Amino acid sequence: MKQKNELKAFLAENNVDLILISEAQPTPYSTYRIPGYSTYYCDHLDGTAHAGSAIIIKFNINHAILPQFQTIFLQATNILKPLNNISTIISSVYSPPGH
């Protein structure tokens, strides 16, 4: 996530509860934190900063992190969130063009 300061400002100005990011470009060492939010990543298998996905959700929103789905051509970050008493999987997915 190259525009970290812009993202922080956007979340604050718009009171965003949950945001899904495709092509987040995380690495296995990514530790981007935003006060008041949990951040989850799925990086590319080669560990370099390209592709990938992320979910950013407010701390006070009930959710659980689920296992990532990670292949060369698809990276998915997944959470489980109750919506109207129904367990719902929310995924942020990246798949490169042509796949």
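Basis of the calculations
- Residues numbered from 1 in each chain as written.
- Predicted model: local features only at pLDDT ≥ 70, side-chain atom pairs only at ≥ 80, totals over all residues.
- Heavy atoms only, no water.
- Helix = DSSP H or I, 4+ residues; strand = E, 2+ residues; numbered from the N terminus.
- Contact = heavy atoms within 4.5 Å.
- Areas by Shrake-Rupley, 256 points an atom, 1.4 Å probe, with all protein chains shown as cover.
- Core = buried A, V, L, I, M, F, W, Y, C linked by side-chain atoms within 4.5 Å.
- Buried < 20%, exposed > 50% of the residue type's maximum accessible area, 1.4 Å probe, protein only.
- Pairing = 2+ DSSP bridges.
- Axes fitted to C-alpha atoms, helices over the stretch in contact; angles between N-to-C directions.
- pLDDT = per-residue confidence, 0-100.
- Polar contact = N/O pair within 3.5 Å; in protein donor to acceptor, adjacent residues only side chain to side chain.

### Some thoughts on the overall build of the chain
Then, number 1: Across its full length, the chain holds one helix and seven strands.
Then, number 2: For the chain, the α and β elements follow one another from N to C terminus as α-β-β-β-β-β-β-β.
Then, number 3: Within the chain, contacts between residues separated by at least 24 positions form 46% of all contacts whose residues are at least 6 apart in sequence.
Then, number 4: Accessible surface for the chain amounts to roughly 6,100 Å². Of this, 55% is attributable to carbon and sulfur atoms.

### Concerning the nonpolar core
Among soluble globular proteins, nonpolar side chains are generally buried collectively.
Then, number 1: Grouped together as the largest cluster of nonpolar side chains are 12 residues: Leu7, Leu11, Val16, Ile19, Ile21, Ala24, Tyr32, Ile34, Tyr37, Tyr41, Ala54 and Ile56.
Then, number 2: When contributions to this core are tallied by element, the ones reaching two or more residues are helix H1 (4-14), strand E1 (18-22), strand E2 (37-42) and strand E3 (53-58).
Then, number 3: By size, the runner-up hydrophobic cluster in this structure holds five residues, among which are Ile57, Ile61, Ile79 and Ile90.

### As for the sheet that holds E3
Then, number 1: Overall, antiparallel pairing links the three strands, which are arranged E1-E3-E2 in an open sheet. Two strands bound the open sheet, and with one partner strand each, they are E1 and E2. Each strand of the sheet is rotated relative to its neighbour by a mean of 10 degrees, with strand direction disregarded.
Then, number 2: Pairing between E2 and E3: six bridges, direction antiparallel. Paired with Cys42 across the bridge in E3 is Ser53.
Then, number 3: The strands touched by H1 are E1, E2 and E3; relative to E1, the strand with the most contacts, the crossing angle is about 150 degrees.

### Overview of the confidence of the model for the chain
Then, number 1: Across the chain, the average pLDDT comes to 85, with 83% of residues at 70 or higher.
Then, number 2: When mean pLDDT is compared element by element in the chain, strand E4 (residues 64-65) scores highest at 96, while strand E5 (residues 69-70) scores lowest at 86.

### Things to note about the pairing of E1
Then, number 1: A one-sided burial pattern is seen for E1, the buried positions being Ile19 and Ile21 and the unburied ones Leu18, Leu20 and Ser22.
Then, number 2: Of the pairings in the sheet, the one linking E1 to E3 comprises five bridges and is antiparallel in character. Residue Ile19 lies in a different strand from E3, and its bridge partner there is Ile56.

### Re the side chain of His63
Then, number 1: Structurally, His63 is set in the loop between E3 and E4.
Then, number 2: Here the side chain of His63 touches Ile61 through a polar contact of 2.7 Å, landing on its backbone oxygen.

### Some remarks on the pairing of strand E7 (residues 86-94)
Then, number 1: Two elements, strand E6 (residues 75-83) and E7, share nine bridges in a ladder whose sense is antiparallel. Among the inter-strand pairings, Pro82 is bridged to a residue of E7, identified as Ser87.
Then, number 2: Counted along the chain from E6 to the antiparallel partner E7, the turn is two residues long, and its residue Asn84 has a positive phi close to 55 degrees.

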